[in-house]
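# Working through the structure, step by step
Read off the chains here:
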Amino acid sequence: MITPILLCGGSGTRLWPLSRKSFPKQFADLVGQESLFQASALRFVGEGFADPVVVTGNAFRFIVAEQLDECLVAPGSILIEPEGRNTAPAAIIATLHVARTAPDDLILIVPSDHAVADPDLFREAVTRGRPAAEAGQIVTFGIAPDRPETGFGWLERSTETSPGVFALERFIEKPDTDTARRLLADSRNMWNAGVFLAKANRMIEAYRTHAPEILALAEKALRDARDDLGFVRIDPEVWQQMPDISIDYAIMEQARDVSVVRFEGAWSDLGSWQAVWQQSPRDGAGNAVSENATAMDCEGSLLRSESPEIELVGIGLKNIVAVAMHDAVMVADMSQSQNVKKAVDTLKAREAKQAVQLPVDYRPWGWFETLILSDRFHVKRIHVHAGAALSLQSHEHRSEHWVIVEGEARVTVDDAVRSLGENQSIYIPVGARHRLENPGPRPMVLIEVQTGSYLGEDDIVRYEDRYARR
């Protein structure tokens, strides 16, 4: 049995404004009907695979649970990192978790933000590497390169040890352009996919040999972890001592008995908008155009509107990326799309909220979207999942007016409980204890108008909460 370990704690900014710290790219629908995270989970479902173990951050735990539920994948466990510490700590704590019950089983460590066009072909590559992993090798996977890429690490294979499996000669750091051209010309070289297959106890032994301090901290952090609403919360005090280091640096570049399997299918880490353009369907002029976007006399461009309420029109563009959202628009020359992160850094320095926060805020009960925000009033659209409920709470500085537009609501205000349907409304005075519940079988949507002297999200006093928030 192979247990997939899905790593999804990253918060990349190279696909801003769609990917932000509050909602990174692995949870977005970039090149398919599912998010990258969902596609990664579905890639390893079925015979021979156990339920996945997921490692993510506290801010994303309910997004992970909801997206797995949407694609009908049951998680084995969801481990919550107190803070990101790169892939080496995340990989070993998940491996230790698997080894508690199945130390001889195989684990497959997989980033959750990669696009694989043919999942069956990738599973075949995993199957090719399985005998070597069962024999005690750590198996990594190389991608057949199609260009002299300088943004990836590379792998160099040695002799073939079994059909489709090669001894790994060396890891190669991200090269300069001339080196990348030389690497591309030699069929022994591949891009490093950052995917690893091994027995759980073999991976633990590699850490014991090459990174004993990381292993010791991970063992203690897992031992002191606690269950919380179906999640496993890693101990924060121990985790804070973890070094920030990748599994490549900590383990793979030092380990012996490492094999590599070459994957010939289409693959991308979607590390830039140019990469998204390359992976997207394009018209005869090379344009990738989303719904609610129009290209007129354009060539080789990516036009995306992320809202049905915003029509994006490009006229006479060539090699341009344009991405429009409710609160931000990004336009760049395709060749400069790797520099989006610099733009985000500039916005952060100006303390622009768009640098890190989406207008949609995800919560365990659903989500809300800011429609209008002013000094004295705040208008939101609130979506509450079927059967979900907000906490029993009060506010010191604001009152609220709720109008139900879809579904049904059960509303508590102090000692009174009322049921409301579509087109009905209720007023929540300042200081009143109140709760909003959706007792129905379908989502409930309401418009909330807040008014008051202070409208921050921290103006909440919680008395009861089924999600154990404070």
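Residues numbered from 1 in each chain as written. Predicted model: local features only at pLDDT ≥ 70, side-chain atom pairs only at ≥ 80, totals over all residues. Heavy atoms only, no water.

What counts, and what does not: UniProt positions are given in the numbering used here, feature names are shortened, and annotations may be inferred rather than shown by experiment.
The chain has the name mannose-1-phosphate guanylyltransferase in an unreviewed UniProt entry, where Rhodophyticola porphyridii is given as its organism. As recorded by UniProt, the Catalytic activity (unreviewed entry) comment attached to the chain reads in full: "alpha-D-mannose 1-phosphate + GTP + H(+) = GDP-alpha-D-mannose + diphosphate".

### Looking at the pairing of strand S26 (residues 416–420)
Test applied: DSSP-based pairing: two strands are paired if at least 2 bridges between them are found. Helical segments are the DSSP runs of H or I of at least four residues, strand segments are the runs of E of at least two, and each set is numbered from the N terminus.
Looking at chain direction, strand S25 (residues 409–413) and S26 are connected through 5 bridges and run antiparallel. The residue of S26 that forms the bridge with Thr-412 is Val-417. Between the antiparallel neighbours S25 and S26 lie 2 residues, among them Asp-414 with a positive phi of about 55°.

### Digging into the pattern of salt bridges
The test is simple: Definition used for salt bridges: Asp or Glu carboxyl oxygen within 4 Å of a side-chain nitrogen of Lys or Arg. Burial classes: relative accessible area under 20% of the type maximum marks a residue as buried, over 50% as exposed, and values in between as partly exposed (1.4 Å probe, protein chains only).
The final tally for this structure, using the stated rule, is 27 salt bridges. Asp-327 is the partner of Arg-20 in a salt bridge, and the nearest nitrogen-oxygen pair spans 2.8 Å. Highlighted residues: Arg-20 in the loop between strand S1 (2–7) and helix H1 (36–42) and Asp-327 in the loop between strand S18 (320–324) and strand S19 (329–333), separated in sequence by 307 residues. Exposure remark for Asp-327: the relative accessible area of 23% places this residue in the partly exposed category. Of the charged contacts, one joins Asp-113 and Lys-25 as a salt bridge, the two residues approaching to 3.8 Å between their closest N and O atoms. You can see Asp-113 sitting in the loop between strand S4 (106–111) and strand S5 (115–116) and its partner Lys-25 sitting in the loop between S1 and H1, a full 88 residues away along the chain. The class for Asp-113 is partly exposed, based on a relative accessible area of 21%. One connected set of salt bridges, linked through shared partners, spans Asp-361, Arg-363, Lys-380, Glu-448 and Glu-457.

### Remarks on the side chain of Arg-233
The test is simple: Under the rule applied, a polar contact is a pair of N or O atoms within 3.5 Å (in protein, one hydrogen donor and one hydrogen acceptor; residues adjacent in sequence only if both atoms are side-chain atoms). Every residue pair with non-hydrogen atoms within 4.5 Å of one another is taken to be in contact.
Relative to the elements of secondary structure, Arg-233 occurs in strand S11 (residues 231–233). Look at Arg-233 and you get buried, because its relative accessible area is 19%. Only 2.8 Å separates the side chain of Arg-233 from the side chain of Asn-58, close enough to count as a polar contact. A distance of 2.6 Å separates the side chain of Arg-233 from the side chain of Asp-228, its partner in a polar contact. Setting aside its immediate chain neighbours within four residues, Arg-233 contacts Asn-58, Arg-61, Ile-80, Ala-225, Arg-226 and Asp-228.

### A look at unusual backbone geometry
In this model, Trp-16 is joined to Pro-17 through a cis peptide bond whose omega is 10°. Within the secondary structure, Pro-17 sits in the loop between S1 and H1. For Asp-257, which is not glycine, the phi torsion reads 60° and is therefore positive. The class of Asp-257 is partly exposed, set by a relative accessible area of 47%. One non-glycine residue with positive phi stands out, namely Leu-270, at about 45°.

### Some remarks on the UniProt feature "domain: Nucleotidyl transferase" (unreviewed entry) in the chain
Sequence positions flagged by UniProt for "domain: Nucleotidyl transferase" (unreviewed entry) are, in local numbering, residues 4–281. Segment residues 4–281 splits into 34% helix and 25% strand. End C-alpha atoms: 29 Å apart.

### Considering the pairing of strand S24 (residues 398–406)
In terms of strand pairing, S24 meets strand S29 (residues 444–452) through 8 bridges, oriented antiparallel. Bridging from a neighbouring strand, Glu-406 pairs with Val-445 of S29. The pairing of S24 with strand S27 (residues 425–428) spans 4 bridges and is antiparallel. The residue bridging His-401 from the neighbouring strand is Tyr-427, located in S27.

### Let's talk about the UniProt feature "domain: Mannose-6-phosphate isomerase type II C-terminal" (unreviewed entry) in the chain
In the UniProt entry, the feature "domain: Mannose-6-phosphate isomerase type II C-terminal" (unreviewed entry) is given for residues 361–465. In residues 361–465, helix accounts for 0% and strand for 59%; the two terminal C-alpha atoms are 18 Å from one another.

### Let's talk about the packing of helix H3 (residues 87–99) against helix H6 (residues 200–210)
Here is the rule we go by: Note on geometry: axes are lines fitted to C-alpha atoms, helical ones only across the stretch in contact, with angles between N-to-C directions running from 0 to 180 degrees. We call two directions roughly parallel when the angle between them is under 35 degrees, roughly antiparallel when it is over 145, roughly perpendicular when it lies between 65 and 115, and oblique otherwise. Note on convention: the crossing is left-handed when the near helix lies turned anticlockwise from the far helix by less than a right angle, right-handed when the turn is clockwise. Think of it as three bins: nonpolar holds Ala, Val, Leu, Ile, Met, Phe, Trp, Tyr, Cys and Pro, charged holds Asp, Glu, Lys and Arg, and polar takes everything else, Gly as well.
Closest axis-to-axis distance for the H3/H6 pair is 9 Å, and the angle between their directions is 135°. Relative to H6, H3 is oriented oblique. As H3 runs across H6, the sense of the crossing is left-handed. Contact with H3, carried on its side by Ala-88, Ala-91, Ile-92, Thr-95, Leu-96 and Ala-99, involves Ala-200, Met-203, Ile-204 and Tyr-207 of H6 and no other residues of that element. When its residues are assigned to classes, the contact of H3 with H6 shows 9 nonpolar, 1 polar and no charged.

### A few points about helix H2 (residues 61–70)
Of the positions making up H2, those classed as buried are Arg-61, Phe-62, Ile-63, Val-64, Gln-67 and Leu-68. Following H2 by one or two positions, Leu-72 adopts a phi angle in the positive range, close to 60°.

### Structural notes on the sheet that holds strand S20 (residues 360–363)
Taken together, 6 strands build an open sheet; the order of strands is S20-S21-S22-S29-S24-S27 and the sheet is antiparallel. Sheet topology places S20 and S27 at the edges, where each strand pairs with a single neighbour. In this sheet, neighbouring strand axes are inclined to one another by 20° on average, regardless of whether the strands run parallel or antiparallel.

### Focus: helix H4 (residues 119–134)
The condition that has to hold: Here the expected span of a helix is defined as 1.5 Å times the quantity of residues minus one. Note that the bend at a residue is defined as the angle between axes fitted to the seven residues ending at it and the seven residues starting at it.
Here H4 is 16 residues long and its end C-alpha atoms lie 22 Å apart, about the 22 Å a rise of 1.5 Å per residue gives. The largest bend in H4 is about 30°, located at Arg-128, with the proline Pro-131 one to four residues further on. The set of residues buried in H4 consists of Phe-122, Ala-125, Val-126, Gly-129, Ala-132 and Ala-133. Where H4 begins, one side-chain oxygen reaches toward the backbone nitrogen of Asp-120, 3.2 Å away; that side chain belongs to Asp-118.

### Focus on the packing of aromatic side chains
Formally: Stacked, edge-to-face and tilted are the three classes for Phe, Tyr and Trp ring pairs, Trp counted by its six-membered ring, which pair at centre distances within 6.5 Å; planes under 30 degrees apart are stacked, over 60 edge-to-face, the rest tilted. When the NZ atom of lysine or the CZ atom of arginine is within 6 Å of a ring's centre and also within 35 degrees of its normal, the charge is said to sit over that ring.
Scanning all chains against the criterion turns up 14 aromatic pairs. Considering the side-chain rings of Phe-23 and Phe-27, the 6.1 Å spacing of their centres and the 45° angle between planes classify their relative orientation as tilted. Judged by relative accessible area, which is 2%, Phe-27 ranks as buried. For the pair Phe-62 and Phe-231, a centre-to-centre distance of 5.4 Å together with 85° between the ring planes defines the contact as edge-to-face. Linking Phe-62 in helix H2 with Phe-231 in strand S11, this pair joins segments that are 169 residues apart in sequence. Among the aromatic residues, those joined into a cluster by ring pairs are Phe-23, Phe-27, Phe-37, Phe-60 and Tyr-362. Over the aromatic face of Phe-166 sits the side chain of Arg-157, whose NZ or CZ is 4.4 Å from the ring centroid. The ring centre of Phe-368 lies 3.9 Å from the NZ or CZ of Lys-380, which sits over that ring.

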